[in-house]
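For reference, the chains in residue letters:
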Amino acid sequence: LKLKPEEVIGHSLWEVFPSMERTCFEHGLKKAMFEGQKIPTEGYYPDYDRWFEMWAYPFDEGLAVHFIDITERKKLEFRLNESIEVRDDFFSITSHELNTPLTSLKIQTQLLRRDINNSNARANHFWQYAMGRISWIKTLAFTSAFGCCC
């Protein structure tokens, strides 16, 4: 925050940062005072246009407060979350696009099975192979949609 010690020590936090009232930081400070425990609080502070992690440490004469600028970390978190959403959308669309024709193919293959004479070993082998491939592709589509690789 680039403040000199004399600007902060011995002053109420509300004097130094009046706009901090009615924010998550005020809530964290009050909680630390009432519970008598160190409390971490994370939030955006518009006066500095930055994200901060604040630690409030209670002691006999009040609170010691430590701010850590986490703006870059938050930017990375936002970018990561956006990337995850794009990935999930891609997998969802991919899964849908794979499943739609597979459903039709599976129905056609089942109809073929009904028409195959059980004594025709080559046709039975083809049907079993086709059903196995359909099952494999459906599994692939499912795991793609849910990001599961096991």
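Placed above this text is the structure.
Residues numbered from 1 in each chain as written. Predicted model: local features only at pLDDT ≥ 70, side-chain atom pairs only at ≥ 80, totals over all residues. Heavy atoms only, no water.

**Description of the overall build of the chain**
In terms of regular secondary structure, the chain is built from five helices and three strands. Beginning at the N terminus, the succession of helices and strands in the chain can be written as α-α-α-β-β-β-α-α. In the chain, which comprises 150 residues, the proportion classed as buried is 22%. At a minimum sequence separation of 6, the contacts of the chain that also span at least 24 residues come to 34%. Carbon together with sulfur atoms contributes 57% to the accessible area of the chain, which is approximately 11,200 Å² in total. (Helix = DSSP H or I, 4+ residues; strand = E, 2+ residues; numbered from the N terminus. Buried < 20%, exposed > 50% of the residue type's maximum accessible area, 1.4 Å probe, protein only. Contact = heavy atoms within 4.5 Å. Areas by Shrake-Rupley, 256 points an atom, 1.4 Å probe, with all protein chains shown as cover.)

**Quick look at the nonpolar core**
The biggest cluster of nonpolar side chains holds eleven residues, and these are Leu13, Phe17, Met20, Phe25, Leu29, Ala32, Ile39, Tyr45, Phe52, Met54 and Ala56. If you list the elements that add at least two residues to this core, you get helix H3 (24–35), strand E1 (39–45) and strand E2 (50–59). (Core = buried A, V, L, I, M, F, W, Y, C linked by side-chain atoms within 4.5 Å.)

**Description of the pairing of strand E3 (residues 62–69)**
Pairing of E2 with E3, which is carried by eight bridges, proceeds in the antiparallel orientation. Within E3, the residue paired with Glu53 across the bridge is Ile68. Between E2 and E3, which follow one another and run antiparallel, lie two residues. (Pairing = 2+ DSSP bridges.)

**Focus on the packing of aromatic side chains**
Per the stated rule, a full pass over the model turns up eleven aromatic pairs. Taking 6.2 Å as the distance between ring centres and 90° as the angle between the ring planes, the aromatic pair formed by Tyr48 and Phe52 counts as edge-to-face. By relative accessible area, Phe52 is classed as buried at 5%. Through a chain of ring-to-ring contacts, the aromatic side chains of Phe17, Phe25, Tyr45, Tyr48, Phe52 and Phe67 assemble into a single cluster. (Phe/Tyr/Trp six-rings, centres within 6.5 Å; stacked < 30°, edge-to-face > 60°.)

**Here's the deal with H3**
An ideal rise of 1.5 Å per residue puts 16 Å on twelve residues; H3 measures up with 16 Å between its terminal C-alpha atoms. Looking at the buried side of H3, the elements it contacts are helix H2 (13–16), E1, E2 and E3. Of the residues flanking the end of H3, it is Gly36, one or two places downstream, whose phi is positive at about 65°. (Expected span 1.5 Å × (residues − 1).)

**Looking at the side chain of Thr71**
Note that Thr71 resides in helix H4 (residues 71–115). Relative accessible area serves as the criterion here: at 5%, Thr71 is assigned to the buried category. In terms of polar contacts, Thr71 uses its side chain to reach the side chain of Asp69, at 2.7 Å. Setting aside residues up to four positions removed in sequence, Thr71 forms contacts with Arg50 and Trp51. (Polar contact = N/O pair within 3.5 Å; in protein donor to acceptor, adjacent residues only side chain to side chain.)

**Focus on the sheet that holds E1**
Taken together, three strands build an open sheet; the order of strands is E1-E2-E3 and the sheet is antiparallel. Two strands lie at the open edges of the sheet, namely E1 and E3, each paired on one side alone. Strand-to-strand twist in this sheet, taken as the mean axis angle between neighbours without regard to direction, amounts to 25°. Sheet analysis places E1 next to E2, joined by seven bridges and oriented antiparallel. (Axes fitted to C-alpha atoms, helices over the stretch in contact; angles between N-to-C directions.)

**Comments concerning unusual backbone geometry**
Non-glycine residue Arg22 carries a positive phi angle of around 60°. Relative to the elements of secondary structure, Arg22 occurs in the loop between H2 and H3. Taking the relative accessible area as the measure of exposure, Arg22 reaches 74% and is therefore exposed. Backbone geometry places Asp49, a non-glycine residue, at a positive phi of 50°. Tracing the backbone shows Asp49 in the loop between E1 and E2.

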